[in-house]
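Residue-level structure breakdown
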Amino acid sequence: MKRFSINHLRELESESIYVIREVAAQFENPVMLFSGGKDSIIMFHLARKAFFPAKVPFPLMHIDTGHNFQETIEFRDWLADESGAKMIVRYVQDSIDCGRAAEETGFTASRNKLQTVTLLDAIAELKFDCAMGGGRRDEEKARAKERFFSHRDEFGQWDPKNQRPELWNIFNGRKNIGEHFRVFPISNWTEMDVWQYIYLENIAIPNLYFSHEREVFNRDGILYAKTPFMKIRDTEKVEKRIIRFRTIGDATCTGALESIANSLEDIIREVAATRVTERGGRADDKRSEAAMEDRKIEGYF
């Protein structure tokens, strides 16, 4: 495997730890959003480093769509037990049951967008004034517009044309009553940085990221795992393939790729050779040209 710059990774680590400590210093009731994916795992690992030997001074929160991969849920629960972190879970199903969100129907139905309602309700209920997320600027053009400290108004909405300047490492967390911030500590990391850091630090991740055999079907050029949550057309053939996932989210919109990468070294080589972004297999990003930005404006992660 090609050698990588440890100094570069340590600089990114230092920057992210600084941002996380700024959150703890500036906000009264922050929370760290946790999806069970590699970016949120990295972010929590950095938080543990930031406050070691003390425990992380804020809870984690997972917005559970009810359509997650079982491996993701098992890893989430294991990590909470292993670290002693407080894990808050809020369910999209509860938002549907109380009439706050409407279930989509049809073959392309997904609960991914519905997470926004559940998230904003949880922030209001628990009075969080800051929610840290694992978004990175290289993932998608809307995320590239975010600052480290991203202001949200009293409705939880984001205005991409009205963001506060960030000069050097000076972050402005001032807000009015009812407003909150989203903070993205690993904004400057790339997918390659994440994988190299996982390798360097020997960080545990869900086995979904490694190659394994799974029943999948092809829809519009994307391989989806067969799950109880997906409606499969008669014309869509289910077959077993050796696959892995580059990104983990709601199973109804997360695509897989055929791969034999079963080690971190293999994954790093594969990422180095690919010319497709990791979110290229996310159906939720393909709903419109500005799908991600529209969701973020409404209050998405």
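Throughout what follows, the structure given in this document is the object of discussion. (Residues numbered from 1 in each chain as written. Predicted model: local features only at pLDDT ≥ 70, side-chain atom pairs only at ≥ 80, totals over all residues. Heavy atoms only, no water.)

So, about the pattern of salt bridges. This structure, assessed with the given rule, holds 23 salt bridges. A salt bridge links Glu 201 to Arg 10; the shortest N-O distance between them is 2.9 Å. Here Arg 10 lies in helix α1 (residues 6-26) and Glu 201 lies in helix α6 (residues 191-201), a separation of 191 residues in the sequence. Between Arg 136 and Asp 39 there is a salt bridge, with its nearest N and O atoms 2.9 Å apart. Here the residue Arg 136 occupies a position in the loop between β4 (130-132) and β5 (149-152), and Asp 39 occupies one in helix α2 (residues 38-51), the gap between them amounting to 97 residues. (Salt bridge = Lys/Arg side-chain N within 4 Å of Asp/Glu carboxyl O. Helix = DSSP H or I, 4+ residues; strand = E, 2+ residues; numbered from the N terminus.)

Bridging between strand β2 (residues 60-64) and strand β3 (residues 87-91) involves five bridges; their strand directions are parallel. The residue bridging His 62 from the neighbouring strand is Val 89, located in β3. Of the crossover connections in this fold, the one passing from β2 over helix α3 (residues 70-83) to the parallel β3 is right-handed. (Pairing = 2+ DSSP bridges. Right-handed = clockwise from strand over helix to strand, strands pointing away.)

Take the packing of aromatic side chains next. Overall, the coordinates contain 12 aromatic pairs when judged by the stated rule. Relative to Phe 171, the ring of Tyr 18 lies with its centre 6.2 Å away and its plane at 45°, an arrangement referred to as tilted. Of this pair, Tyr 18 sits in helix α1 while Phe 171 sits in the loop between β5 and β6 (180-183), placing them 153 residues apart in sequence. Taking relative accessible area as the criterion, Tyr 18 reaches 34% and is therefore assigned partly exposed. Ring-pair connections join several aromatic residues into one group, and the members of that group are Tyr 18, Phe 27, Phe 148, Phe 149, Phe 171 and Phe 181. The cationic tip of Arg 137 hangs over the ring face of Phe 148; the distance from NZ or CZ to the ring centre is 4.9 Å. (Phe/Tyr/Trp six-rings, centres within 6.5 Å; stacked < 30°, edge-to-face > 60°. Buried < 20%, exposed > 50% of the residue type's maximum accessible area, 1.4 Å probe, protein only. Lys NZ or Arg CZ within 6 Å of the ring centre and 35° of its normal.)

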